[in-house]
Amino acid sequence: MSENRVVITLFGGVGDLARRKLYPSLFELYKKGYLGEHFALLGTSRHPLSDEEFQKIVKESVSGVKENKPGQADQFATHFFFQSHDVTDAEHYKVLYKRIADLDEKFGAEGNRLFYMSVAPQFFGTIARNLNNKHLKPSNGFNRLIIEKPFGNDFESAKKLNDELSETFRDDQIFRIDHYLAKEMILNIEALRFGNPIIESMWNNNYIDNIQVTLSEDLGVEERAGYYDDSGALRDMVQNHIMQIVAQLAMEEPVAFTDRDVMAEKVKALRSLRKYTPSEADANFVRGQYEADGEGGHQYREEPGVNPHSNTETFVAGKLMFDNYRWYGVPFYIRTGKKLADKFTRIDIVFKKPVLDIFKNPHGYEDDTQNLRSNVLTIYVEPTSGFSLRLNAKSAGQGFTTIPVDLDYKQSDEFHDETPGPYERLFLDALENNHTNFASWPLIAYSWKFIDVIRHLWDIEEPDFPNYQPKTMGPKAADDLLARDGRHWVYQAKNHQNEINNK
């Protein structure tokens, strides 16, 4: 472990993300020695604050993080400074030049610069253009940019933003955050596949019948109504989080476990994703919007800040197909939504059944008619973290009836407590110039091109909203999507709490 020397400039230094996620994550890196005496952070926003007031905010944000030794949070906060700043005013950047240079000299950062955009997306390009200055980006250290989602709202806007960023930063200097990529069990997909020949040998259309990805939220839009009503579940969850997970599931084994090789295989996977025509999109994707819950909760159109005539979807389910040798004929079913049965993320890999079920009605016993169940490998991402493998076994007693049994692995609470959070992991990756857990521009481009077909179709069609009850798993059309293929969702709302209790 080596200490990183850097001056971090955080645009949006007093925002909700900074307080809840970024400062606690940096504090964890500080406690572990990845950051030390040679780092500083300059926070910015329009509102004036003194350095002392800003440091008080930082200490409050890390107050829930356990210290390794007394006074560690106070010492950590001394590395934080504040500058009132208008990101649209080029003259204001001259003040930043001086503040960053002074901090670099004071803390011995050796010219290393990390710029983090935690502001409204419309300012990303403006900030990048104004950072194109030799004083802000000296040549004696590294210059890196971290950018939060959303990265555009369609392919054209995403390309425009990428072109603007590319005027100032090379692609290998840009880190596009998708925090789902840094979750422990998402990272475990690669270990599970490529570290276990028994799994990788069956990770193809010879053995896998279908793959299901579910990102379920139990709350409504809450305070995000203003953003969400312009975005919807398709842009907010499918285009980034789900498509990134799907790419990781579908990718080929990289030549080596390096960021460049891993990224190349993810891009190759999405290149083979079948891009639907409008009629195919209509057949393979469904959307929904939640109703009132009967317990005082609003339907989506009655939420504060939401257009009362809004057609924004709060639920999406879809079927993805890959036209390549490994996955031809294997559907990837995805779904996500708000006000569903519970809050969780899981991946279900459903294996094919034997061609012949020799145990069905063996020896002529009339009551022994239990069909074999599909083997299912489930990756529990959150809140439970672990794996489950469902197999068939003989039930106890006379006769020969088969029953499903689960082989489970659950990460312990101690393991969970020691696991780095997504933002802690991503901050360190950016400091160490590791792009493995970040989204590349080609990956984002292919994702948007796929999503745009669905979005354009939905923008011209009038949906029948609202169409699903809270505390369910979405509209009936999501079940019908699988039923027409003779399949069903592995996770059903009624058994989820029992699964959580038993994992």
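A short tour of the structure in this document, coming up. (Residues numbered from 1 in each chain as written. Predicted model: local features only at pLDDT ≥ 70, side-chain atom pairs only at ≥ 80, totals over all residues. Heavy atoms only, no water.)

1. Details of the pairing of strand β3 (residues 80-84)
Most of β3 sits out of view: 4 of its 5 residues are buried. When strand β2 (residues 35-45) meets β3, the two strands line up parallel, connected through 5 bridges. Opposite Thr44, over in β3, you have Gln83 as the bridge partner. (Buried < 20%, exposed > 50% of the residue type's maximum accessible area, 1.4 Å probe, protein only. Helix = DSSP H or I, 4+ residues; strand = E, 2+ residues; numbered from the N terminus. Pairing = 2+ DSSP bridges.)

2. Brief notes about helix α7 (residues 184-194)
Judged by how many residues are buried, α7 sits mostly within the fold: 8 of 11 residues are covered. All of the buried residues along α7 are Met185, Ile186, Leu187, Asn188, Ile189, Glu190, Leu192 and Arg193.

3. Looking at the sheet that holds strand β11 (residues 344-351)
As summarised here, the arrangement of the 8 strands in space is β8-β9-β10-β7-β11-β12-β13-β14, forming an open sheet in which the pairing is mixed. The sheet terminates laterally at β8 (285-288) and β14 (402-410), the two strands that pair on one side only. Going across the sheet, the axis of each strand differs from the next one's by a mean of 15 degrees, ignoring polarity. The sheet contact formed by strand β9 (residues 315-320) and strand β10 (residues 332-337) spans 6 bridges and is antiparallel. What sits directly across from Val316, in β10, is Thr336. Across the sheet, helix α9 (residues 225-250) is in contact with β7 (208-216), β9, β10 and β11; its angle to β10 comes to roughly 145 degrees. In the packing of helix α15 (residues 476-483) onto the sheet, contacts are made with β7, β8, β9 and β10, and the angle to β9 comes to roughly 10 degrees. (Axes fitted to C-alpha atoms, helices over the stretch in contact; angles between N-to-C directions. Contact = heavy atoms within 4.5 Å.)

4. Some details on the sheet that holds β2
Read from one edge to the other, the open sheet built from 6 strands follows the order β3-β2-β1-β4-β5-β6, with strand pairing classed as parallel. With partners counted over all chains shown, the strands left at the sheet margins are β3 and β6 (174-176), one partner each. Across the sheet, the mean angle separating the axes of adjacent strands is 20 degrees when strand polarity is ignored. Pairing of strand β1 (residues 4-11) with β2 involves 7 bridges; the strand directions are parallel. Each bridged residue has a counterpart across the sheet, and for Thr9 the counterpart in β2 is Leu42. Contacts from helix α2 (residues 51-61) reach β2 and β3 within the one sheet, and its direction differs from that of β3 by about 125 degrees. Lying on the sheet, helix α4 (residues 92-107) is in contact with β1, β2, β3 and β4 (113-117); it crosses β2 at an angle near 165 degrees.

5. Topic: unusual backbone geometry
Peptide bonds are mostly trans, and most non-glycine residues show a negative phi. For the peptide bond that leads from Glu382 to Pro383, omega is -5 degrees, which places it in the cis range. Residue position: Pro383 is located in the loop between β12 (376-382) and β13 (386-394). The backbone of Glu110 sits at a positive phi, close to 60 degrees, despite the residue not being glycine. Tracing the backbone through its elements, the reader meets Glu110 in the loop between α4 and β4. At Lys339, a residue that is not glycine, the phi angle is positive and equals roughly 55 degrees. According to the relative accessible area criterion, Lys339 is buried, its value standing at 11%.

6. Examining the pattern of salt bridges
Enumeration over the complete set of coordinates arrives at 31 salt bridges. Among the ionic pairs, Glu424 bridges to Lys32, the shortest N-O distance being 2.7 Å. Remark: Lys32 occurs in the loop between α1 (16-31) and β2 and Glu424 occurs in helix α13 (residues 422-431); sequence separation between them is 392 residues. We note a salt bridge from Arg326 to Glu200, for which the minimum N-O separation is 3.3 Å. Taken together, the positions of Arg326 in the loop between β9 and β10 and Glu200 in helix α8 (residues 197-200) put the pair 126 residues apart, joining distant regions of the chain. What emerges from the salt-bridge pattern is a single network uniting Arg193, Glu200, Glu252 and Arg326. (Salt bridge = Lys/Arg side-chain N within 4 Å of Asp/Glu carboxyl O.)

7. With respect to the nonpolar core
Judged by nonpolar contacts, the single largest core of 104 residues is most densely connected at Phe332 and Ile347. With 13 residues, α9 is the single largest residue contributor to this core. Val14, Val65, Phe82 and Phe142 belong to the second largest nonpolar core, which has 38 residues in total. (Core = buried A, V, L, I, M, F, W, Y, C linked by side-chain atoms within 4.5 Å.)

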